[in-house]
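# Breakdown of the fold
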Amino acid sequence: FRRAALRKAEEGIVCMCEERARMLQDQFAVSVNHVHALAILVATFHYEKQPPALDQDTFADYTARTSFERPLLSGVAYAQRVMNADRESFERQQGWIIKTMKHEPSPVQDEYAPVIYSQETVSYIEGLDMMSGEEDRENILRSRATGKAVLTRPFRLMSNHLGVVLTFPVYLVDLPPDAKVEDRVAATAGYLGGAFDVESLVENLLRQLAGNQELVVNVYDVTNHSNPLVMYGSEVPLGAPSPSHICMLDFGDPFRKHHMICRYRNKH
Ligand code: WA2
């Protein structure tokens, strides 16, 4: 009887874990696709129109009304690439000065990525140089070098929740898929990105599922397999070995690897 019960528990956990992994991956993918479309919106209406046919009010209104398309993102924003030579005229034109993510006036840098458009839910990043944060900076550099969507490692967002940032590059010209890195960098206009508030939005997602009470779900960034980073859930190691199941997750950035581990809360 014990063995049959254990087998049933193991089968149950496989199903429940796969269901959760699939849901999370799907909601992640639709959110990424919609941010991709927003990057094209900025290229079309900010850069391909003279004068630009986009402003903060329009961006805030459009992103608020389409937020249902990005269920795992707490907010999206557009950071413009500003070279140091153009900083003064940029600041004069905007009427504010570029600040660091610690809310100090930015020291001189080769270039900056100040947020010029933001969804109201993340309006606190407006005017901040997103290159002043280590994780955001690495994302910006990797996205423009590859032309693809990239993700940070999990870290504490400015909302103070654990999450990851997604970044798409926006280019001034159409680039062929095999464009050289230096051509990509030279053509970079800015960066469209958003914050995956994993801590609160994944909690919401899992809470709606049957069996939530009995299951412990953890998501890890296992890009460096010998140093797994918690992306969702608590890090407390579980005592007695109980049935567990691991599901691979694909969040669309081939540079990063993620997986989900599910266990029962009460020993079976
Ligand atoms: N957005 C919201 N909260 C954050 C954050 C962020 N980055 N970084 C830390 N907390 C405009 O890649 C460009 C958004 C960065 C995009």
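To start, this report covers the structure provided alongside it. These figures come from a predicted structure and were not determined experimentally.

Estimates place the volume of the largest pocket at around 460 Å³. Lining of the largest pocket is provided by 21 residues; of these, Ile40, Pro169, Tyr171, Val173 and Asp174 occupy positions nearest its centre. Residue assignment for the lining of the largest pocket shows that the elements contributing at least two residues are helix H1 (2-47) and strand E7 (162-171). Broken down by element, the lining of the largest pocket gets its largest block of residues, six residues, from H1. Here the residues of the lining of the largest pocket sort into 13 nonpolar, four polar and four charged.

The next thing to look at is the site of the ligand. The ligand sits among 13 residues. The nearest are Met130, Asp136, Met158, Thr167 and Ala195. For the ligand, a nitrogen atom lies 2.6 Å from a polar atom in the side chain of Asp136. Separating an oxygen atom of the ligand from a side-chain N or O atom of Thr167 is a distance of 2.8 Å. A total of 410 Å² of accessible area belongs to the ligand in isolation, and the protein chains cover 99% of it. When residues of the shell around the ligand are traced back to their parent elements, those giving at least two are E7 and strand E8 (188-196). Per-element accounting of the shell around the ligand gives the leading share, three residues, to E8. Considered class by class, the residues forming the shell around the ligand number ten nonpolar, two polar and one charged.

The residue after Gln50, namely Pro51, is reached through a cis peptide bond having omega 0°. In this structure, Pro51 sits in the loop between H1 and helix H2 (56-65). The phi dihedral of His103 is positive, around 65°, even though this residue is not glycine. Relative to the helices and strands, His103 resides in the loop between helix H3 (87-94) and strand E3 (111-112). Not every positive phi belongs to a glycine, and Asn160 is a case in point at roughly 75°. Its place among the elements puts Asn160 in the loop between strand E6 (155-156) and E7. A relative accessible area of 53% places Asn160 in the exposed class.

Counted under the stated rule, the structure contains one disulfide. Note that Cys17 is cross-linked by a disulfide to Cys262, the S-S spacing being 2.2 Å. Handedness of the Cys17-Cys262 disulfide follows from its S-S torsion of about 75°: it is right-handed. Taken together, the residues Cys17 in helix H1 and Cys262 in strand E12 (residues 258-264) connect sequence positions 245 residues apart. With relative accessibility at 0%, the residue Cys17 sits in the buried group. Note on Cys262: relative accessible area 0%, which makes it buried.

This part takes up the nonpolar core. With 51 residues, the main nonpolar core has Leu24, Phe28, Tyr78, Leu166, Leu192, Phe196 and Met260 as its most contacted residues. A per-element tally of this core places H1 first, with 14 residues. Ignoring any residue separated from it by four or fewer positions in sequence, one finds Met260 in contact with Cys17, Arg20, Ala21, Leu24, Val217, Asn218, Val219, His245, Ile246, Cys247 and Leu249. Listed in part, the twelve residues of the second largest apolar core include Ala79, Val115, Ile125 and Met130.

Rules of the game
Residues numbered from 1 in each chain as written. Predicted model: local features only at pLDDT ≥ 70, side-chain atom pairs only at ≥ 80, totals over all residues. Heavy atoms only, no water. 1 Å grid on protein atoms, 1.4 Å probe; cavity = no way out; pocket = protein on both sides within 12 Å on 5 of 7 lines; lining within 4 Å. Points joined across faces, edges and corners; volume = space filled by probe spheres on them. Helix = DSSP H or I, 4+ residues; strand = E, 2+ residues; numbered from the N terminus. Nonpolar A, V, L, I, M, F, W, Y, C, P; charged D, E, K, R; others polar. Near = heavy atom within 4 Å. Polar contact = N/O pair within 3.5 Å; in protein donor to acceptor, adjacent residues only side chain to side chain. Areas by Shrake-Rupley, 256 points an atom, 1.4 Å probe, with all protein chains shown as cover. Buried < 20%, exposed > 50% of the residue type's maximum accessible area, 1.4 Å probe, protein only. Disulfide = S-S within 2.5 Å. Core = buried A, V, L, I, M, F, W, Y, C linked by side-chain atoms within 4.5 Å. Contact = heavy atoms within 4.5 Å.

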